[in-house]
Amino acid sequence: MIDIKKIREDFPILKREVNGKPLVYFDNAATSQTPQQVIDVIVDYYSNYNANIHRGVHTLSQEATDVYEQARKKIQEHFNAAKSHEIIFTSGTTHSINLVANGFSAILKKGDEIIVSALEHHSNIVPWQMLCERTGAILKVIPMNLDGELLMNQYHSLLSTKTKLVFTNHVSNALGTVNPIEEIIASAHKVGAAVLIDGAQAAPHIKADMQALNVDFYTVSGHKVCGPTGTGMLYGKEEWLNKLPPYQGGGEMIAEVTFEETTYAELPHKFEAGTPNICGGIAFGAALDYMNAIDFNAIAAYEHELLQYATQQLLAIEGLKIYGTAKNKTSVISFNIEGLHPYDIGSILDKLGIAVRTGHHCAQPIMDFFKIPGTVRASFSFYNTKEEIDSLVEAVKRAKAMLL
C-alpha cells in the first residue's frame, strides 16, 4: 500500500504553482520528477567527492570510482543481469539504441532482414533506417490493430532465417500498450535473430528481469525512473557485447594505444569512451533505490488504479476518444476531443496548472495509422492522485467549453 501523502512530500517540485494554480504534473512518460533523496545524492557528489574516475590514485577519484561502480552493481541487480559488465552506462535509451545499431553495421549484409514494430518511438525507428541504408538490410514492420496492439500472427509470418535482429518497445510511449515481449523474444530466437527491447517506458512501471526474459539487449533512460536526465543504461548479453565493435573512440575504452595500433578495453569500458556522467550514473542508482524502497508491485497496483479511474472519468466527457485501448497497458491515456486540436487543449490545461504532452509524441507512424495530427497525453506516476485526475477532467471540460 502506497502512502501517497508521504511520497508527495519527497518531491519538492510538487509544491510549486504554475500560472497561479497548484502544479498537476501528468507528463511522466516524457520525464518523471526527482525526489529529494536523489537530489541530495547529486548535491553530495559535487560537494564532497567530485573527481574523475578509474584513473586517479588520489582519494576523491577512488571514492567517486567506488560509488559509480556501486551504482552499476545496483542497476545489474535491479534488472537481474548475470554480470555487472553487461551494464553499459549511456546518456539514455536513444544513445543505447544507436550504440547497438552502429555495432550491427559490421554484422549485417545486403538482403538481411530486421524487424521493428508499428508502435515505436522515433528513436527505435530512425537508427535502424540508417543501418539499412548503410548495409543494404531490409526493414520490416509488425502491424498494429485499432486497440494499439501488435498483430502477433503477422509478426510470426515475418520471421525467417533472413531475420537477424528484432526490436520493439516493451511499452508504447504514445499509447501505453504493454507488448508481449516474452513471445517476441522466444520466437525471434527460434530463427537465430537477436532481440533489442526498448524499456524506456516500461522501467517506471515494470521490473524487467534480463535473465528470465533471455533478451539480448534492453535499454532504459534514467530520467523516466526518478533519476536525472542524460543518464541511462544498455544491457547486453556478454556474448553480444563482445561481438560488437566500439561505438566511440577515445579515453577509457582503450587497453593500449600506439600510432600503429589500438587495442580495446574489456567490458564494460569498451563502450564507455570519455569522461562519463559520473554524478548522473550515481544518481540513477539512487533513483532505483528510492523506487525499490516503495516496491514496484505496489507502484504498479496504484498506477493501475489511477489509470482505471482516469479512463472512466474522461470517457464520461462527450466527444472524447481515447487512443490505445489494449487489454494490457500502463498508466498512459492519449485522447482527443472531436473537433478540437490537441495543442489547443494542452495550452488551456497549462493555463490551469496542468502539465500534459500534446503532439505525435515522437511516434508519428502511430498518429498516421489513426489519421490524426496528434493527441493529448496524460501519463500518471505513483506520486499522482485521484484528486489531480479530477482537476484534469474539470480542466478538459472547461477547455472544451471554451474552444467549441
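Right above here is the structure, for reference.
Definitions and limits used
Residues numbered from 1 in each chain as written. Predicted model: local features only at pLDDT ≥ 70, side-chain atom pairs only at ≥ 80, totals over all residues. Heavy atoms only, no water. Buried < 20%, exposed > 50% of the residue type's maximum accessible area, 1.4 Å probe, protein only. Helix = DSSP H or I, 4+ residues; strand = E, 2+ residues; numbered from the N terminus. Pairing = 2+ DSSP bridges. Salt bridge = Lys/Arg side-chain N within 4 Å of Asp/Glu carboxyl O. Expected span 1.5 Å × (residues − 1). Contact = heavy atoms within 4.5 Å. Polar contact = N/O pair within 3.5 Å; in protein donor to acceptor, adjacent residues only side chain to side chain.

Summarising burial for strand S5 (residues 113–117): 5 of the 5 residues are buried, a large majority. The two faces of S5 match: Glu-113, Ile-115 and Ser-117 on one face and Ile-114 and Val-116 on the other face are all buried. Relative to strand S6 (residues 138–142), S5 runs parallel, the two being bridged by 5 bridges. Paired with Val-116 across the two strands is Val-141, which belongs to S6.

Per the counting criterion, the structure on display carries 13 salt bridges. A salt bridge links Glu-394 to Lys-397; its shortest N-O distance comes to 3.5 Å. Taken together, the residues Glu-394 and Lys-397, both in helix H14 (residues 386–403) and 3 residues apart, mark about one turn of the helix. Glu-394 sits in the partly exposed class, given a relative accessible area of 49%. In this structure Lys-397 comes out as partly exposed when scored by relative accessible area, which is 40%. Several salt bridges share partner residues, and in doing so they unite Asp-27, Arg-357 and Arg-377 into one network.

Time to look at helix H11 (residues 296–315). Between its terminal C-alpha atoms H11 stretches 28 Å, which fits the 28 Å expected from 20 residues at 1.5 Å a residue. For H11, the set of buried residues is Phe-296, Ala-298, Ile-299, Tyr-302, Glu-303, Leu-306, Leu-307, Ala-310 and Leu-314. Contact partners of the buried residues in H11: helix H1 (4–9), helix H3 (59–79), helix H10 (278–294), strand S13 (320–323), strand S14 (332–337) and H14. With a side-chain oxygen positioned 3.3 Å from the backbone nitrogen of Asn-297, the residue opening H11 is Asp-295.

Once that is clear, we can look at the environment of Ile-142. With respect to the element layout, Ile-142 can be found in strand S6. For the pair formed by Ile-142 and Ile-115, sequence separation is 27 residues and the distance between their alpha carbons is 7.1 Å. When sequence neighbours within four positions are dropped, the list of residues in contact with Ile-142 reads Ile-115, Val-116, Ser-117, Ala-118, Leu-150, Leu-151, Tyr-155 and Leu-158.

Most of strand S17 (residues 375–379) sits inside the fold, with 5 of its 5 residues counted as buried. The two faces of S17 match: Thr-375, Arg-377 and Ser-379 on one face and Val-376 and Ala-378 on the other face are all buried. Of the strand pairs in this sheet, S14 and S17 are connected by 4 bridges, and their pairing is antiparallel. By the bridge assignment, Val-332 is partnered in S17 with Ser-379. Looking at chain direction, strand S16 (residues 357–359) and S17 are connected through 3 bridges and run antiparallel. Looking at S17, one finds that Arg-357 is bridged to Arg-377.

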